[in-house]
Amino acid sequence: METLTHRPDLVISGGTLLTMVDGAAPLEKATIRIGSGRIIGIDTTPEGQTADAEALDRIDATGCIVMPGLVNAHTHAAMTLFRGYADDLPLQQWLFERIFPAEAAFLSDDTVYWGALLGCLEMIASGTTCFADGYFFQDATARAVRKAGLRAVIAQGVIDFPAPGVPDPADNIREACAFMKRWQGASDRITPGIFCHSPLTCSAATLKAGAEAAERYGTPFQIHLSETRGEVDQILHQTAKRPVFYLNDLGVLNDRMTAAHAVHLDRDEMGLIKERGVRLVNVPESNMKLASGVAPVISLLRLGIPMGLGTDGCCSNNNLDMFQEMDTAAKVSKVFSADPVALTARDVLPMATSLGAAVLGLEDRIGTVEAGKAADLIVIDLQKPHLRPVYDPYSALVYAASGGDVRDTIVEGRILMRNRSFLTLDANEIMRKVSAIAQRITAATAVLNQTSAPLASTQET
């Protein structure tokens, strides 16, 4: 146990602690001491329960699980604006006929800010303390994250046709570099990056320039990879190579890359991903909703490829609940492997915590509860009918819990939600602002449906 060296700012005591340190057992009636935003001590002795009377604040976690905050390794937070806007469509139609045109028509610095704030609110409420985001108008997302108090890897979106905030595609890399420069070092909780949308929507030149920019700024490089069979077939037709080999031949496949979806990979591609140190993110609910397929998670984990878990955006999921995502990830892998022990609760929970942190390059700071790491923690209330009895806390969290069972959310020692009450954000104001934006979208869509005129498309060249 660590020795307390000064009065803690916050003490959390009485709960069952899942440190998520590999091989560590749950700690009963644990006391976690927090100071200057970091964990300064963990104690399980009886004396630890009554110590630290001088602490500035205390949280009684009796009857609760305390664990690292969840890591949503792939999402587009501001897409809360389009939750339920274009459901039950094939991916290409959903993306090119509905989402891209709607983004072109309605996204702005203001709408992205409020949409991202709603995403932050939802993540705080469901226990996500860190997320990876790729979208447009990312200065607005960064401001929202800073206001909310969350931690995030925020990447400016790059695409090879007119995009929200970047009407001239020739400026896409320059705008992304300017974003990274503005936010590097601006906040300990914000890591800027670049997000090249996919090998289909970004040219070879753009992909190479994006990877070079990430290398130059020392930032992450995000991409969608092999999401659908149609995407793979199209790249094969255009390049005579499967997507992973195409990216490798461009020189962009490396350990800065975090690739989401990764559904349609063959064995040789998996081997090359392992060799190049690429990190992957499983996005099971979005993959299911858009009928993209099921990622070969079991094969990838057996190869030792780092793999996190993400929700994707709210218009292809339609929520940001990582507890639900864990449940789905485990069950869908069991179904498609016809093996009930293929992906267990103890396999999945690290994907949303320690492995997720590693995928984002933040494993030295978050993902486990250890002295010296950032105090990014959540408290889950077990005093619920659907969470009793608890024979195995991992099973309870993955198969029975939901985001609504999170009682307290803490980032860098700062309490963002306490007893289900938000302390950094005005939930009513955010929902009122987003509702007003949604009314404008609904009205414009109704007019366009009457005239059969398409929304201004970001595909125009």
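Position numbers for residues start from 1 in each chain and track the written sequence from start to end. Since the coordinates come from a predicted model, pLDDT governs what is reported: local features require at least 70, and pairs of side-chain atoms require 80 or more to be given and counted, while whole-chain, interface and lining totals use all residues. Side-chain metrics in this entry use all non-hydrogen atoms of the structure; hydrogen atoms and water are not considered.

**Remarks on the overall build of the protein chain**
Reasoning step 1: Helix and strand counts for the protein chain come out as 16 helices and 17 strands.
Reasoning step 2: Taking 461 residues into account, the globule formula puts the C-alpha radius of gyration at 23 Å, and the protein chain, at 22 Å, falls close to it.
Reasoning step 3: Across its three principal axes, the protein chain shows a C-alpha extent of roughly 70 × 50 × 45 Å.
Reasoning step 4: Relative to its 461 residues, the protein chain shows a buried fraction of 59%.
Reasoning step 5: What makes two residues a contact is simply this: any of their non-hydrogen atoms within 4.5 Å. Residue pairs in contact within the protein chain that sit at least 24 positions apart in sequence constitute 73% of those at least 6 positions apart.
Reasoning step 6: When the accessible area of the protein chain is evaluated, it comes to approximately 17600 Å², of which 51% is carbon and sulfur surface. In DSSP terms, a helix is any run of H or I states spanning at least four residues, a strand is any run of E spanning at least two, and both are numbered starting from the N terminus. Radius of gyration here is computed from C-alpha atoms only, and the compact-globule reference equals 2.2 Å multiplied by the residue count raised to the power 0.38. For every residue, the accessible area obtained with a 1.4 Å probe (protein chains only) is divided by the maximum for its type, and the residue is called buried under 20%, exposed over 50%, and partly exposed between those limits. Note on areas: these come from Shrake-Rupley sampling with a 1.4 Å probe, and a residue is covered only by the protein chains present in the view.

**Topic: the sheet that holds strand β6 (residues 70-75)**
Reasoning step 1: In space, the eight strands of this open sheet follow the order β6-β7-β8-β9-β10-β11-β12-β13, with parallel pairing throughout. Here the strands that pair on one side only, and so sit at the sheet edges, are β6 and β13 (307-309). Between one strand and the next, the sheet's axes are offset by a mean angle of 25°, whatever the strand orientation.
Reasoning step 2: We call two strands paired when DSSP finds no fewer than two bridges between them. Here β6 runs beside strand β7 (residues 128-135); their pairing, made up of four bridges, is parallel. When the bridges of β7 are listed, V71 appears paired with C130.
Reasoning step 3: Packing against the sheet, helix α6 (residues 204-217) makes contact with β8 (151-158), β9 (190-196) and β10 (221-225), and its axis sits at approximately 165° to β9. Lines are fitted to the C-alpha atoms to define the axes, a helix being fitted only along its stretch in contact, and any angle between axes, read from their N-to-C directions, falls within 0 to 180 degrees.

**Description of helix α8 (residues 243-250)**
Reasoning step 1: Within α8, six of the eight residues are buried, which leaves the element mostly enclosed by the surrounding structure.
Reasoning step 2: Taken together, the buried positions of α8 are P243, V244, Y246, L247, N248 and L250.
Reasoning step 3: Contacts made by the buried residues of α8 are with α6, β10, α7 (229-239), β11 (257-261) and α9 (267-276).
Reasoning step 4: Positive phi shows up at G251, right after α8, with a value of about 85°.

**Description of the nonpolar core**
Reasoning step 1: In this description, a nonpolar core means a group of buried Ala, Val, Leu, Ile, Met, Phe, Trp, Tyr and Cys residues linked to one another through side-chain atoms lying within 4.5 Å. L150 and L280 are the most contacted members of the largest nonpolar core, which totals 120 residues.
Reasoning step 2: No other element matches helix α3 (residues 109-125), which puts eleven residues into this core.
Reasoning step 3: Among all residues touching L150, those that are not within four sequence positions of it are C120, M123, I124, T128, T129, F131, V145, R189, V411 and L416.
Reasoning step 4: L10, I34, C64 and L377 belong to the second largest nonpolar core, which has 18 residues in total.

**Re the side chain of T16**
Reasoning step 1: With respect to the helices, strands and loops of the structure, T16 is situated in strand β1 (residues 10-17).
Reasoning step 2: In the analysis that follows, any N or O atom pair within 3.5 Å is treated as a polar contact, provided that within protein one partner can donate a hydrogen and the other can accept it, and provided that, for residues neighboring in sequence, both atoms belong to side chains. Reaching out from T16, the side chain makes a polar contact with the side chain of E28 at a distance of 2.8 Å.
Reasoning step 3: Those residues within four positions of T16 in sequence are excluded, and the remaining contacts are P26, L27, E28, C64, I65 and V66.

**Side note on the packing of aromatic side chains**
Reasoning step 1: Think of it this way: a Phe, Tyr or Trp ring, Trp meaning its six-membered ring, pairs with another when their centres are within 6.5 Å, and the plane angle makes it stacked under 30 degrees, edge-to-face over 60, tilted otherwise. Across all of its chains, the model carries five aromatic pairs by this definition.
Reasoning step 2: Ring centres of F100 and F161 lie 5.4 Å apart, and the angle between their planes is 70°; this geometry places the pair in the edge-to-face category. Of the two residues, F100 is situated in helix α2 (residues 91-106) and F161 in the loop between β8 and α5 (172-183); the sequence distance between them amounts to 61 residues. The pair formed by F100 and F161 is uniform in burial state, with each residue classed as buried.
Reasoning step 3: Three or more aromatic residues link up through ring pairs in this structure, and these residues are F96, F100 and F161.
Reasoning step 4: Two conditions define a charge sitting above a ring: the NZ of Lys or the CZ of Arg must be within 6 Å of the ring centre, and it must be within 35 degrees of the ring normal. Seen from the ring of Y85, R98 lies directly overhead, with NZ or CZ sitting 4.7 Å from the centre.

**Brief notes about the environment of G304**
Reasoning step 1: Positionally, G304 belongs in the loop between α11 (297-302) and β13.
Reasoning step 2: Of the residues examined, G304 reaches a relative accessible area of 42% and is grouped as partly exposed.
Reasoning step 3: Remark: the alpha-carbon pair of G304 and L362, spanning 58 residues in sequence, is separated by 18 Å.

**Side note on the environment of T19**
Reasoning step 1: Within the secondary structure, T19 is located in the loop between β1 and β2 (27-35).
Reasoning step 2: Using a relative accessible area of 7% as the deciding quantity, one classes T19 as buried.
Reasoning step 3: Each residue touching T19, except ones within four places of it in the same chain, is listed here: A24, L27, P68, G367, T368 and V369.

**A few points about the pairing of β7**
Reasoning step 1: Most of β7 is tucked away: eight of the eight residues are buried.
Reasoning step 2: Of the pairings in the sheet, the one linking β7 to β8 comprises six bridges and is parallel in character. Across the sheet, the residue bridging to F131 is A152, located in β8.
Reasoning step 3: In this region the chain leaves β7, passes through helix α4 (residues 138-148) and returns to the parallel neighbour β8; the handedness of that crossover is right-handed. Place the viewer so that the strands point away; then a crossover is right-handed whenever the path from the first strand over the helix to the second strand goes clockwise.

**Details of α7**
Reasoning step 1: Of all the residues in α7, the buried ones are E231, V232 and I235. All buried residues of α7 fall inside an arc of 100° around its axis, so they share one side. Facing away from the buried side of α7, by more than 90 degrees, are the exposed residues R229 and H237. The arc under discussion is defined with respect to the helix axis, by the directions toward the C-beta atoms.

**A closer look at the confidence of the model for the protein chain**
Reasoning step 1: The quantity called pLDDT is the predictor's confidence in a given residue, expressed from 0 to 100. Per-residue confidence for the protein chain gives a mean pLDDT of 93, with 93% of residues at or over 70.
Reasoning step 2: Within the protein chain, the element-level pLDDT minimum falls on helix α1 (residues 46-50), averaging 63, and the maximum on strand β14 (residues 377-381), averaging 99.
Reasoning step 3: For the stretch residues 452-461, pLDDT sits under 50, and the model shows 23 contacts to residues farther than four places along the chain or on other chains.

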